[in-house]
Amino acid sequence: MHVVVNAAASADGKLSTRRREQVTISGPDDFARVDRLRAASDAVLVGVGTVLADDPHLTLDDPTREGETRGDAGNPARVVVDSSGRTPLDARVLDDAATTYVVVAGEATADRRAALADAGAEVFVAGDERVALPEALSKLGERGVGELMVEGGGEIIYSLFEAELVDELSLYVGSLVIGGREAPTPADGPGFVESFPQLSLRDVTRVDDGVLLQYDVVGRSER
Ligand SMILES: NC(=O)C1=CN([C@@H]2O[C@H](COP(=O)(O)OP(=O)(O)OC[C@H]3O[C@@H](n4cnc5c(N)ncnc54)[C@H](O)[C@@H]3O)[C@@H](O)[C@H]2O)C=CC1
Ligand SMILES: Nc1nc(O)c(N)c(N[C@@H]2O[C@H](COP(=O)(O)O)[C@@H](O)[C@H]2O)n1
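Residues numbered from 1 in each chain as written. Chains lettered and ligands numbered in written order. Predicted model: local features only at pLDDT ≥ 70, side-chain atom pairs only at ≥ 80, totals over all residues. Heavy atoms only, no water.

Turning our attention to the layout of surface pockets. In this structure, the second largest pocket encloses a volume near 190 Å³. Around the second largest pocket sit 14 residues that line it, and Phe 161, Glu 164, Pro 197, Gln 198 and Val 217 are the ones nearest its centre. When its residues are assigned to classes, the lining of the second largest pocket shows eight nonpolar, two polar and four charged. (1 Å grid on protein atoms, 1.4 Å probe; cavity = no way out; pocket = protein on both sides within 12 Å on 5 of 7 lines; lining within 4 Å. Points joined across faces, edges and corners; volume = space filled by probe spheres on them. Nonpolar A, V, L, I, M, F, W, Y, C, P; charged D, E, K, R; others polar.)

Our focus in this paragraph is the packing of aromatic side chains. With the rule as written, the count across this model stands at two aromatic pairs. Their ring planes at 65° and their centres at 6.1 Å tell us that Tyr 101 and Phe 124 sit as a pair that is edge-to-face. Of this pair, Tyr 101 sits in strand S4 (residues 100–104) while Phe 124 sits in strand S5 (residues 122–125), and the two are 23 residues apart along the sequence. Like Tyr 101, the residue Phe 124 is buried in the burial classification. Where Tyr 158 meets Phe 192, the ring centres are 4.6 Å apart and the plane angle is 40°; that geometry is what we call tilted. On the criterion of sequence distance, the pair formed by Tyr 158 in helix H5 (residues 154–162) and Phe 192 in the loop between strand S7 (168–173) and strand S8 (199–207) is long-range, its members being 34 residues apart. A relative accessible area of 3% places Tyr 158 in the buried class. Residue classification places Phe 192 among the partly exposed positions, given a relative accessible area of 27%. Across from the ring centre of Phe 124, 4.2 Å away, lies the NZ or CZ of Arg 143, which sits over that ring. (Phe/Tyr/Trp six-rings, centres within 6.5 Å; stacked < 30°, edge-to-face > 60°. Helix = DSSP H or I, 4+ residues; strand = E, 2+ residues; numbered from the N terminus. Buried < 20%, exposed > 50% of the residue type's maximum accessible area, 1.4 Å probe, protein only. Lys NZ or Arg CZ within 6 Å of the ring centre and 35° of its normal.)

Now the structure itself:
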């Protein structure tokens, strides 16, 4: 599986506000690029924190792009990493616009799993107390996901780097300051202290009034 992380940060490195409310950081050209990246992906993955904060839909904005790169019809699948099954039953990702996988851990109750399935999700388990990401991605691979796009947030991106599962990072840096020591950043979690994932800068492009930084993760391409 090939894993691309995409995020938009302010010039001071924040994904959203300290209230965890969504901020429009990208401009129209960057949103169009994100849409093309979604169209080229078999699935788009977020953590449940992003679902709770943003209630995203994760479908293609431009329906003419549906499957244009994947060679099939429709939107990419949607994936929510959600250990205890906290995804609201009326979340937009659970509508019928695309297949939605909710990956839970063993701690999710049978009632909650059944409720999510009734609401439209395909629920599967990876891990015991918290979703085990290597197992989750392996199970997505069994379901035909070869190209995976990750759209945040900071906790899930950190965990994917920690598990050495990221191949590429696309970071759009917008021209605004959000601030706030509690505001999410592109890699939150406990943080690295001794050994740091190393990136190789492949491209720098001016997009809208910001900069798109495209990195390869060092060491991943040889695996
Ligand atoms: N500017 C941007 O590009 C984006 C911004 N955001 C912002 O990010 C914030 C949400 O980010 P986060 O709170 O960090 O939530 P998140 O979306 O990273 O989800 C984290 C949650 O996933 C669950 N989880 C299960 N297994 C996990 C594992 N192995 N590792 C990590 N998490 C696991 C946990 O409940 C955890 O709290 C919101 O404020 C949203 O607006 C989100 C996506 C993109
Ligand atoms: N690329 C990008 N730029 C921004 O400025 C953003 N705020 C985000 N946020 C992400 O987009 C998701 C919304 O998806 P839908 O439009 O509802 O399909 C949101 O949840 C973040 O993942 N991204």
